[in-house]
Amino acid sequence: MSTIRITKQFSFETGHALYGYDGKCRNVHGHSYKLSVTVIGSPITDTNDVKLGMVIDFGDLKKIVKEEIVDQFDHATVFNKNTPHKELAEELSNRGHHVILVDYQPTSENMVVDFASKIQKRLPAHIKLFSLKLQETESSYAEWYASDNG
């Protein structure tokens, strides 16, 4: 049986600030993120299975990524909870803003690692996460590959 990779793309709007950074991104700002999720597996061969021929139903993959990433991060502002930004986060939260506090600097690199962990926990046992690509701008992105991460 062949091994196949399938990819589903998502987009969401998220704000963040990089505490201690020496450039413009130290200021609160946002991005129109594009996330490509690639999984790998063998198509289902059981002729009695309604998912015959699929590695995973794109709808099932969409549900996982939507619940774990898109619904959480879309129109949220992400701050590192281990910095003074925590005070800003609390103020925004108290004013009704959707804020996410993470235990890392919210760079694309760290976000893609976080996303990989969240998605992997939800995939069926016979499906493996192959890669993620988190595009922050038209010309800048971070990639995560399972093969690079043991």
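Residues numbered from 1 in each chain as written. Predicted model: local features only at pLDDT ≥ 70, side-chain atom pairs only at ≥ 80, totals over all residues. Heavy atoms only, no water.

This next bit is on the layout of surface pockets. Of the pockets and cavities examined, the largest pocket occupies roughly 170 Å³. Residue lining of the largest pocket: H16, L18, H31, T107, S108, E109, E136, T137, S140, Y141 and A142, and that is the complete set. Going through the elements one at a time, helix 3 (108-120), strand 5 (128-137) and strand 6 (140-145) are the ones with two or more residues in the lining of the largest pocket. When residues of the lining of the largest pocket are assigned to their parent elements, the largest contribution, three residues, is made by strand 6. Taken together, the residues of the lining of the largest pocket break down into three nonpolar, six polar and two charged. (1 Å grid on protein atoms, 1.4 Å probe; cavity = no way out; pocket = protein on both sides within 12 Å on 5 of 7 lines; lining within 4 Å. Points joined across faces, edges and corners; volume = space filled by probe spheres on them. Helix = DSSP H or I, 4+ residues; strand = E, 2+ residues; numbered from the N terminus. Nonpolar A, V, L, I, M, F, W, Y, C, P; charged D, E, K, R; others polar.)

Our next topic: the packing of aromatic side chains. Tallied over the full model, the rule gives four aromatic pairs. Centroid distance F12 to Y33: 5.5 Å. Interplanar angle 20 degrees. Geometry classified as stacked. Residue F12 is found in strand 1 (residues 4-16), and its partner Y33 is found in strand 2 (residues 29-41); the two are separated by 21 residues along the sequence. With respect to burial, F12 and Y33 carry one shared label: buried. For the pair F12 and F115, a centre-to-centre distance of 6.1 Å together with 65 degrees between the ring planes defines the contact as edge-to-face. Residue F12 is located in strand 1, and its partner F115 is located in helix 3; the two are separated by 103 residues in the primary sequence. Each member of the pair, F12 as well as F115, carries the same accessibility label: buried. (Phe/Tyr/Trp six-rings, centres within 6.5 Å; stacked < 30°, edge-to-face > 60°. Buried < 20%, exposed > 50% of the residue type's maximum accessible area, 1.4 Å probe, protein only.)

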